[in-house]
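One-letter residues, chain by chain:
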Amino acid sequence: MTVVERVLAVIEAHRGDRGALLPILHGIQAEFGYVDQSVIPLVAKELNLSRADVHGVVTFYSDFRSEPPGRVTVQLCRAEACQAVGSERLVEHAEAAYGVKVGQTGADGVVTLAQVFCLGNCALGPAAQVNGRLHGRLDPARLDGVINAEYEARTS
Amino acid sequence: MTTTVYVPRDAAALSVGADAVAAAITREAALAGRAVRVVRNGSRGMLWLETLVEVVTEAGRIGYGPVTAEAVPSLIANGMLDGGDHELRVGVVEELPWFRAQNRLCFARVGVTDPLSPEDYRAHGGLTGLRRALEIGPAATVAEVTDSGLRGRGGAGFPAGIKWKTVADTPGELKFVCCNADEGDSGTFADRMLIEGDPFCLIEGMTIAAFAVGATEGYIYIRSEYPEAVRTFRRAIDIAYAQGWLGDDVLGSGLRFDLMVRVGAGAYICGEETSMLESLEGKRGVVRAKPPIPAITGLFGKPTVVNNVLTLASVPAILADGGAAYQALGVQRSRGTQVFQLAGNIARGGVFETAFGISLRDLVEEHGGGTLSGRPVRAVQVGGPLGAYLPASGLDLAMDYEAFAEAGAMLGHGGIVVFDDTVDMASMARFAFSFCAEESCGKCTPCRVGAVRGVEVIDRIVGGEDVDDNLALLGDLCELMTDGSLCAMGGLTPNPVRSALQHFADDFTPRRVTP
Ligand SMILES: Cc1cc2nc3c(=O)[nH]c(=O)nc-3n(C[C@H](O)[C@H](O)[C@H](O)COP(=O)(O)O)c2cc1C
Ligand code: SF4
Ligand code: FES
Ligand code: FES
């Protein structure tokens, strides 16, 4: 399928939904890993919206990435409850160990580091979501273990 | 004979390896030649014990925790499947002091049942509330909720019955019930645990709300940070349709109610109800000015009930047992139970449901066991990122809406975040501003720009630059944000800042900067 066909298939799946733009954008991100600028005109046309409207929505929400993520996406919780048990030390470790700043993907395309504010695991912090899976009571060694396991699962 | 073993499927339990524990139990039991049935329940809420494994015995459900996959062989070798002794054995779960001290209404089934089993749901009192509502009619249902004294659990504490009455009294062919499951406050996870641990209860609560106000469509807005909750709730909806609990003819009563899941996209402000409605309409989550209120002009301009997960999940029990029974619990104008959440640097974190009025100190020290680090408690933030910081000396505060308001604090969604004495309160105040800057919807200047200025001012204070002037500036800035913001995001960000400054002034003195 071409990119256009894949985007249209996502849109079609949400045809009957009220206010379908968010479900569609989530669908596109699930399909491609990110929401490329180039799909915005198509989405706008299909939903009878202006490009500016769609662009505005894509940029308002921090979930929608404009670039492909690395093989392992690490979302580190930096909200208060995790700060209380050392999340900032974990952020420092991750930045140093993987050579990326929060919000970036490594040049080798391996790790994307992102921050989130609360994952609902505030009694078992520091918490992180790695490729969509939740982890708690993390320390640098456990985080490295999780990242390695995810990396291997994606490359083997 | 088959032994039943419970292993939670709650995301918090999964985060510390519950899936691996379940797999290890299945494997080791087979090796030992024992027949087991592993049930994936919700979490009991004693999160420090996760993964908490429960074995059904004649003496009751015996708990073991925290269990890791590595510990399973030794547990099974020591007779765990017969409730045998082990250093991880905690005893009969429902007799544990932490559990017995609670009064679980909203969380009655969470951790007890298989969340996706309709048979379990029925066997544990499910649908009684909805059946009673259908019997007594919409107006009496609204009255029951009003009489219960139930107030919104999302933060603002607005009486649920009054909101419902407004929607019921507003004419309209199309009305909506929207469940706010954006749960963005740090230190809160009860919505998530309820959705994952007893989703049918929320479906029942939303259906009762729809019946009471005359709505035919419902949406639940779940934050994208909760993928497990999204998965569980979608499955629960499918099952509910198959059972005839949703759809064209709910329980054969002729009631029509359709329920859809919508997933947020990483914006804290979308927990504010009008921003959530914008987001549900597929737009940027920019806050709407009120009036008009959502009850009259809500989703797509239609009359809409917006309630928090815990508000709606409290409704089935209120209908089943009557508003008066609920009203009998609690203090003053805070009636019923609240699901408190102990989080952060806490030895025994989790959910603790009890009547309003318990003291914060009891929760943190007696039930929570103090800090995880073993160091002294220094600060406690109640009510999420917009809530005030309280010093360790200020914990003798009753947990009810009025007592908190009097103390210049707020209960919010019931989250309690504990910090030990290593916390730097100037940096927490700075964080409050930077969080607001990051999450502001951008509609008003005091919030959007003020928060950015706030970060700079605190940096200058701790940097030793014109400290007195900058402290005065900080005060002005807080006042401006309080008075000039459209919603509580900008309006309440001064709460954590001012309280940090008031109770922990020493932290705001210039630091020696290491060269
Ligand atoms: C910045 C901000 C964030 C909010 N976040 C949430 C939230 O995550 N969940 C929630 O239920 N209510 C949240 N609220 C409160 C809602 O606006 C609204 O009062 C609530 O959903 C109404 O339901 P209730 O009456 O059952 O509490 C938030 C309010 C503000 C100002
Ligand atoms: S106070 Fe902040 S979040 Fe609220 S409406 Fe204004 S800019 Fe938006
Ligand atoms: S604060 Fe980190 S999971 Fe809630
Ligand atoms: S944002 Fe334009 S005037 Fe407030």
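See the structure above.
Residues numbered from 1 in each chain as written. Chains lettered and ligands numbered in written order. Predicted model: local features only at pLDDT ≥ 70, side-chain atom pairs only at ≥ 80, totals over all residues. Heavy atoms only, no water.

Enquirer: Lay out the overall build of chain B in plain terms, naming residues and giving numbers.
Expert: Looking only at helices and strands, chain B features 21 helices and 17 strands. What you see for chain B is a C-alpha radius of gyration of 24 Å, in line with the 24 Å of a compact globule of 515 residues. Across its three principal directions, the C-alpha atoms of chain B cover 75 × 60 × 40 Å. The buried share of chain B, reckoned over its 515 residues, is 61%. Sequence separation of 24 or more characterises 71% of the internal contacts of chain B that already satisfy a separation of 6 or more. With the model as given, the accessible surface of chain B reaches about 18100 Å², and the carbon-plus-sulfur share is 51%. (Helix = DSSP H or I, 4+ residues; strand = E, 2+ residues; numbered from the N terminus. Rg over C-alpha atoms; globule rule 2.2 N^0.38 Å. Buried < 20%, exposed > 50% of the residue type's maximum accessible area, 1.4 Å probe, protein only. Contact = heavy atoms within 4.5 Å. Areas by Shrake-Rupley, 256 points an atom, 1.4 Å probe, with all protein chains shown as cover.)

Enquirer: Lay out the interface of chain B and chain A with the relevant residues and their values.
Expert: Taken together, the contacts link 59 residues of chain B with 37 residues of chain A. Buried area between chain B and chain A, summed over both chains or domains, comes out near 3500 Å², and the portion from carbon and sulfur atoms is 57%. Of all residues in chain B, the largest losses of buried area upon contact with chain A belong to B:Ser15, B:Ala265 and B:Phe431, amounting jointly to 16% of the total for that side. On the surface where chain B and chain A come into contact, there are two salt bridges. Residues A:Asp17 and B:Arg262 are paired through a salt bridge, measuring 4.0 Å at the closest nitrogen-oxygen approach. Our count for the chain B to chain A interface comes out at 21 residue pairs in polar contact (both at pLDDT 80 or more). Those elements giving two or more residues to the side of chain B that touches chain A turn out to be helix H1 (11–14), strand S7 (217–222), strand S9 (255–263), helix H12 (273–280), strand S13 (337–344), strand S17 (415–420) and helix H17 (425–439) of chain B. A total of five residues in the side of chain B that touches chain A trace back to one element, the largest contributor, which is H17(B). Looking at the side of chain B that touches chain A residue by residue, the class counts come to 32 nonpolar, 16 polar and eleven charged. (Buried area = accessible area lost by both parts, 1.4 Å probe. Salt bridge = Lys/Arg side-chain N within 4 Å of Asp/Glu carboxyl O. Polar contact = N/O pair within 3.5 Å; in protein donor to acceptor, adjacent residues only side chain to side chain. Nonpolar A, V, L, I, M, F, W, Y, C, P; charged D, E, K, R; others polar.)

Enquirer: Give me the sheet that holds strand S14 (residues 350–355) of chain B: which residues, what numbers.
Expert: Residues and elements named next belong to chain B. Spatial strand order, S14-S13-S17-S15-S16: five strands in an open sheet with mixed pairing. For this open sheet the edge positions go to S14 and strand S16 (389–391), each flanked by a neighbour on one side alone. On average, each strand axis in the sheet is tilted by 30° relative to the strand beside it, whichever way the strands run. Helix H21 (residues 494–503) rests against strand S15 (377–382) and S16 of the sheet, and its axis sits at about 20° to S16. (Pairing = 2+ DSSP bridges. Axes fitted to C-alpha atoms, helices over the stretch in contact; angles between N-to-C directions.)

Enquirer: I'd love a proper account of the site of ligand 2, names of residues and values included.
Expert: In the vicinity of ligand 2 lie 13 residues, with B:Cys441, B:Lys443, B:Cys444, B:Cys447 and B:Cys487 positioned nearest. Split by residue class, the shell around ligand 2 holds eight nonpolar, four polar and one charged. (Near = heavy atom within 4 Å.)

Enquirer: Account for the packing of aromatic side chains, with residues named and values stated.
Expert: Under the counting rule described, the total for this entry stands at 15 aromatic pairs over all chains. With a centroid separation of 6.2 Å and an interplanar angle of 80°, the aromatic rings of A:Tyr61 and A:Phe64 are classed as edge-to-face. Relative to B:Trp245, the ring of B:Phe200 has its centre 5.1 Å away and its plane inclined at 85°; by these criteria the two rings are edge-to-face. Residue B:Phe200 is located in helix H10 (residues 199–213), and its partner B:Trp245 is located in the loop between helix H11 (227–243) and strand S8 (247–250); the two are separated by 45 residues in the primary sequence. With respect to class, B:Phe200 is no different from B:Trp245; both count as buried. Joined through ring pairs, the aromatic side chains of A:Phe117, B:Tyr268, B:Phe431 and B:Phe435 make up one cluster. Across the ring face of B:Tyr6, the terminal group of B:Arg61 is positioned such that the distance to the ring centre comes to 3.5 Å. Positioned above the aromatic ring of B:Tyr226 is the side chain of B:Arg223, whose terminal nitrogen or guanidinium carbon lies 5.3 Å from the ring centre. (Phe/Tyr/Trp six-rings, centres within 6.5 Å; stacked < 30°, edge-to-face > 60°. Lys NZ or Arg CZ within 6 Å of the ring centre and 35° of its normal.)

Enquirer: With reference to specific residues and values, describe the site of ligand 1.
Expert: Residues and elements named next belong to chain B. In the vicinity of ligand 1 lie 19 residues, with Gly154, Glu273, Asn307, Asn308 and Thr311 positioned nearest. Within the backbone of Gly271, one N or O atom sits 3.2 Å away from a nitrogen atom of ligand 1. Calculation on ligand 1 without its partners gives an accessible area of 610 Å², and the protein chains cover 91% of this total. Counting residues per element, the ones that place at least two in the shell around ligand 1 are strand S10 (304–308) and helix H20 (488–492). The element contributing the most residues to the shell around ligand 1 is S10, with three residues. For the shell around ligand 1, the per-class residue count stands at five nonpolar, eight polar and six charged.

Enquirer: Hey, could you go over the pairing of strand S1 (residues 3–6) of chain B for me, with residue numbers and the actual values?
Expert: All names here are of chain B. Neither face of S1 is left uncovered, since the one carrying Thr3 and Val5 and the one carrying Thr4 and Tyr6 both have all their residues buried. Alignment of S1 against strand S2 (residues 36–39), held across four bridges, turns out to be parallel. For Val5, the partnering residue across the bridge sits in S2 and is Val38. Of the strand pairs in this sheet, S1 and strand S3 (residues 53–57) are connected by two bridges, and their pairing is antiparallel.

Enquirer: Which residues make up the side chain of B:Thr337, and what values do they have?
Expert: All names here are of chain B. By the element assignment, Thr337 lies in strand S13. The exposure class of Thr337 is buried, given its relative accessible area of 3%. Within polar-contact distance, the side chain of Thr337 engages the side chain of Glu353 at 2.6 Å. Beyond its immediate chain neighbours, meaning those up to four positions away, Thr337 contacts Asn103, Leu105, Arg153, Tyr326, Leu329, Glu353, Thr354, Ala355 and Phe356.

Enquirer: Go over helix H4 (residues 51–60) of chain A, please, and point to the residues and values.
Expert: Restricting attention to buried positions, one finds in H4(A) the residues A:Val54, A:Gly56, A:Val57, A:Val58 and A:Phe60. For H4(A), the elements touching its buried residues are helix H2 (21–32) and helix H3 (40–47) of chain A.

Enquirer: Before we move on, can you summarise the pattern of salt bridges with the specific residues and values?
Expert: What the rule picks out here adds up to 37 salt bridges over all chains. Note that A:Glu88 is salt-bridged to A:Arg78, the shortest N-O span being 2.7 Å. One end of the pair, A:Glu88, is in helix H6 (residues 87–98); the other, A:Arg78, is in the loop between strand S1 (72–77) and helix H5 (80–83), with ten residues separating them in the sequence. Taking relative accessible area as the criterion, A:Glu88 reaches 30% and is therefore assigned partly exposed. In this structure, B:Glu402 and B:Arg151 form a salt bridge, with 3.1 Å as the shortest nitrogen-oxygen distance. Taken as a pair, B:Glu402 in helix H16 (residues 401–406) and B:Arg151 in the loop between helix H7 (138–148) and helix H8 (160–169) lie far apart in primary sequence, 251 residues in all. Take B:Arg151: its relative accessible area is 11%, and that puts it in the buried class. By sharing partners, the salt bridges in this structure join A:Glu12, A:Arg15, A:Lys45 and A:Glu46 into a single network.

Enquirer: Mind laying out the sheet that holds S9(B), listing which residues take part and the relevant values?
Expert: Residues and elements named next belong to chain B. Spatial ordering of the open sheet is given by S8-S9-S7-S6-S10, a layout of five strands whose pairing is mixed. In this open sheet, the two edge strands, each paired with only one partner strand, are S8 and S10. The mean inter-strand angle of the sheet, taken between neighbouring strand axes irrespective of direction, is 25°. In this structure, strand S6 (residues 176–181) lies alongside S10, joined through five bridges in parallel fashion. Looking across to S10, one finds that Phe176 is bridged to Thr304.

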